[in-house]
Amino acid sequence: MLVHSTYGQIQGQVRDGYAEFLGIPYAAAPYPDHAFAPPRPPAPFHGVFQAVTPGATAAHPHVAQELFPDPVVEGPNPLNLNVYAPTGTSGHHPVVVWLHGGGFFSGGNASPWYTGGSFARDGVVLVVPNYRLAAEGFMVLDDGIANRALLDITMALTWVRDTIEAFGGDPTNVTVAGQSAGATAALALSGCPAARGLFHRLAVMSAGTPLLSSLTRTETLSEDFAAMLGAPRTRSALTRVPVRERLELEAAWLPREVLAPAAEVDERARRARSDSLRWQPTLDGRVVTASPYDALAEPGTVDSLMIGTTAEEWNFVLGSVDPAPSLEAARQGFANLGFTGQDLEDYLHALETDNPGHALAQALSDRTFRTPARAVADGAATAGIPTYAYQFAWPAPLFGAAHCTDLPFVFDHLDAPGAAHLLGPDAPAHLATALHGALVRFAHDGNPGWSAYNTRTRPVMVFDDDIREVPDALGLAPKKLRRAPVLQLDFSIFPGQHGCFEPDGLTPRQGGGGS
């Protein structure tokens, strides 16, 4: 399939009723001489660009983990994107720009979990860009520029504005969506002046805190990183360091939870933290001038917001919590999060368990993901931004409703490579239809199909075997969430799904951060 774009002709291919274009450059190649420079516009194609094989991924260490496939593709230009479009390039279809996760140290658009055929099937053009990671993406050098990764994403959005009509997309109807680090990056764009007007809605899935780093913290990390490489903290010096040496240090700097689990459950509990990411978007006052909390508290920042998490995000971090860690080790983990011994007792009671490991995993989930999502939703709704909150609560057999378990459902791709390992053989297809359909509806008109969020009743759509709208679901412990009273809802948008649960909730205490 041949497309005539702003930059020249692009050859894609048709697969199973949709058009696929892979590895299209949206910026000039950063390697070998511009790895730490702001992105530069792409050059026009000479001849026909063959967009039929995956493009390069941003340089990063290979991470052995059980959450999603993360292939590393070598090449000079990782600043490329994939486009999945309905066959035929006529019409003005809504556009979703999907930002991949990976903790800002891994991930890329070559993962088979981000194949966008289901979106194209449902009349949405999906665009999946890469962006630079770790030090390349966020280190502050002598030029004072941080957030090169966000500049990359902004350039990808500029490419969408200028080019997506050639693929049948509508540049005036663009939703930026992302999961994990991609969701955190999406939120950061709300405070990025250069990105204003390039997108219209945000769909934020499992954004982890802190949502932004301070400039002082990023400068300190940058100084330490350069010193450990034995190089001055300048663009030219860092560019001369062999990529292999930089990746060896990046691997040593990986968050402890993605390394092999501690042999002793007590050690695993004692090292629990909510701020383990080193590299991430920075409130630098130049690229990012406002935090997501502040930016989305301003009316009109976006046309609408969809935000949520999984119910048990950090279950994968602690791995198996049987046998249970000791109370003493769990208290240390709680103290790392700013909690008290009484908070630990409260979590044990709310979760109806005597296992401190379960309590610690849930405290991490709440402090890092669920409570911040609730706060962002509160601020946006108060500002009059139509806001729609959700909670993914289906308990997968390996880790429960943990981080990344929602991804195959969002993409309606339960047979994606590796999904069965994470989800088991009986993942409910109706749940994939519902969650994927919600994002498709949101991309079309800004309403995923349930009640808008407000700070009085806090309606939240819960995606579980029974799909239902529950008051303040982001503030309920998972077991109580699954027994929560149901708000009035037109269930016809989720055929065959209904549920009714007895009231049994838990209201978070002020300052405790837990649920």
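In case you missed it, the structure is sitting above this.
To start, this report covers the structure provided alongside it. The shown structure was predicted, so the numbers you read here are calculated from the model rather than taken from an experiment.

Comments concerning the overall build of the protein chain
The number of helices and strands found in the protein chain is 17 helices and 16 strands. By the burial criterion, 61% of the 515 residues in the protein chain qualify as buried. At a minimum sequence separation of 6, the contacts of the protein chain that also span at least 24 residues come to 76%. Total accessible area on the protein chain stands at roughly 18400 Å², and carbon and sulfur atoms take up 54% of it.

What to know about the packing of helix α12 (residues 341-351) against helix α13 (residues 356-382)
Look at α12 against α13: their axes get within 9 Å of each other, and the N-to-C directions meet at 100°. With respect to α13, the element α12 is oriented roughly perpendicular. Between α12 and α13, the contacting residues are Leu344, Tyr347, Leu348 and Leu351 on the first element and Pro356, His358, Ala359, Gln362, Ala363 and Asp366 on the second. Residue classes in the contact of α12 with α13 are distributed as seven nonpolar, two polar and one charged.

Some points on the packing of helix α3 (residues 148-163) against helix α4 (residues 181-189)
At a minimum axis distance of 11 Å, the contact between α3 and α4 shows a crossing angle of 75°. With respect to α4, the element α3 is oriented roughly perpendicular. Contacts between α3 and α4 involve Leu150, Ile153, Thr154 and Leu157 on the former and, on the latter, Ala185, Ala188 and Leu189. Of the residues assigned to the contact of α3 with α4, the class counts are six nonpolar, one polar and no charged.

Quick notes on the pattern of salt bridges
Going through the model one piece at a time under the given rule, you end up with 14 salt bridges. Glu136 is paired through a salt bridge with Arg246; the nearest N and O atoms lie 3.0 Å apart. Of the two residues, Glu136 sits in helix α2 (residues 134-138) while Arg246 sits in helix α7 (residues 243-252), which places them 110 residues apart along the sequence. Given the relative accessible area of 2%, Glu136 is considered buried. Among the salt bridges present, the one from Arg244 reaches Glu248, with a minimum N-O distance of 3.2 Å. Separated by four residues within a single helix, Arg244 and Glu248 lie in helix α7, roughly one turn from each other.

Remarks on helix α16 (residues 429-445)
Here α16 spans 24 Å end to end across 17 residues, near enough to the 24 Å set by a 1.5 Å rise per residue. Within α16, the full set of buried residues consists of Leu431, Ala432, Ala434, Leu435, His436, Gly437, Ala438, Leu439, Val440, Phe442 and Ala443. Looking one or two residues past α16, Gly446 carries a phi angle of roughly 85°, positive in sign.

Brief notes about the sheet that holds strand β5 (residues 48-50)
Ordered by their spatial adjacency, three strands build an open sheet running β1-β2-β5, and the pairing between neighbours is mixed. Edge positions in the sheet fall to β1 (2-5) and β5, since each of these pairs with one other strand and no more. Across the sheet, the axes of successive neighbouring strands diverge by a mean angle of 30°, strand direction being ignored. Of the pairings in the sheet, the one linking β1 to strand β2 (residues 8-11) comprises four bridges and is antiparallel in character. By the bridge assignment, Val3 is partnered in β2 with Ile10.

About the cut-offs
Residues numbered from 1 in each chain as written. Predicted model: local features only at pLDDT ≥ 70, side-chain atom pairs only at ≥ 80, totals over all residues. Heavy atoms only, no water. Helix = DSSP H or I, 4+ residues; strand = E, 2+ residues; numbered from the N terminus. Buried < 20%, exposed > 50% of the residue type's maximum accessible area, 1.4 Å probe, protein only. Contact = heavy atoms within 4.5 Å. Areas by Shrake-Rupley, 256 points an atom, 1.4 Å probe, with all protein chains shown as cover. Axes fitted to C-alpha atoms, helices over the stretch in contact; angles between N-to-C directions. Parallel < 35°, antiparallel > 145°, perpendicular 65-115°, else oblique. Nonpolar A, V, L, I, M, F, W, Y, C, P; charged D, E, K, R; others polar. Salt bridge = Lys/Arg side-chain N within 4 Å of Asp/Glu carboxyl O. Expected span 1.5 Å × (residues − 1). Pairing = 2+ DSSP bridges.

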